[in-house]
Amino acid sequence: MKLAVDIGNTSISICLFEKNKIFKKSYFNSTQNFIDFMDKNTKQYDIQLAIISSVAPQLSNKLTDILLTKYNISNTHIDYKSSNLDLQVPYPETVGVDRLCNMFAVQRDYSTPAIIIDFGTATTFDVIT
């Protein structure tokens, strides 16, 4: 089973995946709530890998350490290099991982060209040609 962790500015969202289908999802407003969830569910589900998307580097480092040391779950982080997207911008390293995930999902699940509008903490627009 895989664990997807989305660390935003105001909350942590997670999904457990089994065979690429969402099995369970939850949202947390604190690190402790995330840890409580993991304490209750890690033994019940055989989580092999955590995939982390984060716009909060300090919290990302903290949760990465917790997943590895407390739960022995290896993890990988999404960034512009691992996304394999052809970003035609001057500084691809500055594109937020939330936007990378949106672009990846649209290319996989829908036809392009497309415009993505994300109403998160900031409203963003991305154009895929």
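Cut-off values and rules
Residues numbered from 1 in each chain as written. Predicted model: local features only at pLDDT ≥ 70, side-chain atom pairs only at ≥ 80, totals over all residues. Heavy atoms only, no water. Pairing = 2+ DSSP bridges. Helix = DSSP H or I, 4+ residues; strand = E, 2+ residues; numbered from the N terminus. Axes fitted to C-alpha atoms, helices over the stretch in contact; angles between N-to-C directions. Right-handed = clockwise from strand over helix to strand, strands pointing away. 1 Å grid on protein atoms, 1.4 Å probe; cavity = no way out; pocket = protein on both sides within 12 Å on 5 of 7 lines; lining within 4 Å. Points joined across faces, edges and corners; volume = space filled by probe spheres on them. Nonpolar A, V, L, I, M, F, W, Y, C, P; charged D, E, K, R; others polar. Salt bridge = Lys/Arg side-chain N within 4 Å of Asp/Glu carboxyl O. Buried < 20%, exposed > 50% of the residue type's maximum accessible area, 1.4 Å probe, protein only.

**Remarks on the sheet that holds strand 4 (residues 49-54)**
- As summarised here, the arrangement of the five strands in space is 3-2-1-4-5, forming an open sheet in which the pairing is mixed. Each edge of the sheet is formed by a strand with only one pairing partner; in this case those strands are strand 3 (21-28) and strand 5 (74-77). Within the sheet, the average angular offset between the axes of one strand and its neighbour, ignoring direction, is 20 degrees.
- Examined bridge by bridge, strand 1 (residues 2-7) and strand 2 (residues 12-18) share six bridges and lie antiparallel to one another. Bridging from a neighbouring strand, Lys2 pairs with Phe17 of strand 2.

**Examining the environment of Cys101**
- Inspection of the secondary structure assignment puts Cys101 in helix 4 (residues 97-109).
- C-alpha of Cys101 to C-alpha of Asn61: the two residues are 40 residues apart in sequence and 19 Å apart in space.

**Things to note about the pairing of strand 4**
- Bridge analysis of strand 1 against strand 4 gives six bridges, and the strand direction is parallel. Counted as the bridge partner of Leu3 is Ala50 from strand 4.
- Where strand 4 and strand 5 come together, four bridges link them in parallel fashion. Directly across from Leu49, in strand 5, lies its bridge partner Ser74.
- As a crossover connection, the stretch from strand 4 through helix 2 (residues 57-69) into strand 5 is right-handed.

**Notes on the layout of surface pockets**
- Of the volumes computed, that of the largest pocket is approximately 1,400 Å³.
- Around the largest pocket sit 38 residues that line it, and Ala4, Asp6, Ser53, Ile78 and Cys101 are the ones nearest its centre.
- The biggest single contributor to the lining of the largest pocket is helix 4, with nine residues.
- Here the lining of the largest pocket is built from residues that sort into 17 nonpolar, 13 polar and eight charged.
- One number sums up the size of the second largest pocket: a volume of about 300 Å³.
- Along the walls of the second largest pocket sit 13 residues, with Asp86, Leu87, Gln88, Met103 and Val127 positioned nearest its centre.
- Elements that contribute at least two residues to the lining of the second largest pocket include exactly helix 4 and strand 7 (123-128).

**A word on the pattern of salt bridges**
- In the structure shown here, the tally under the stated rule is three salt bridges.
- As a salt-bridge pair, Lys70 and Asp39 come within 3.3 Å of each other at their nearest N and O atoms. Placement of the pair is Lys70 in the loop between helix 2 and strand 5 and Asp39 in helix 1 (residues 31-41), with a sequence separation of 31 residues.
- Asp109 serves as the salt-bridge partner of Arg108, at 2.7 Å between the closest nitrogen and oxygen.
- Relative accessible area serves as the criterion here: at 57%, Arg108 is assigned to the exposed category.
- Classification of Asp109 by relative accessible area gives partly exposed; the value is 42%.

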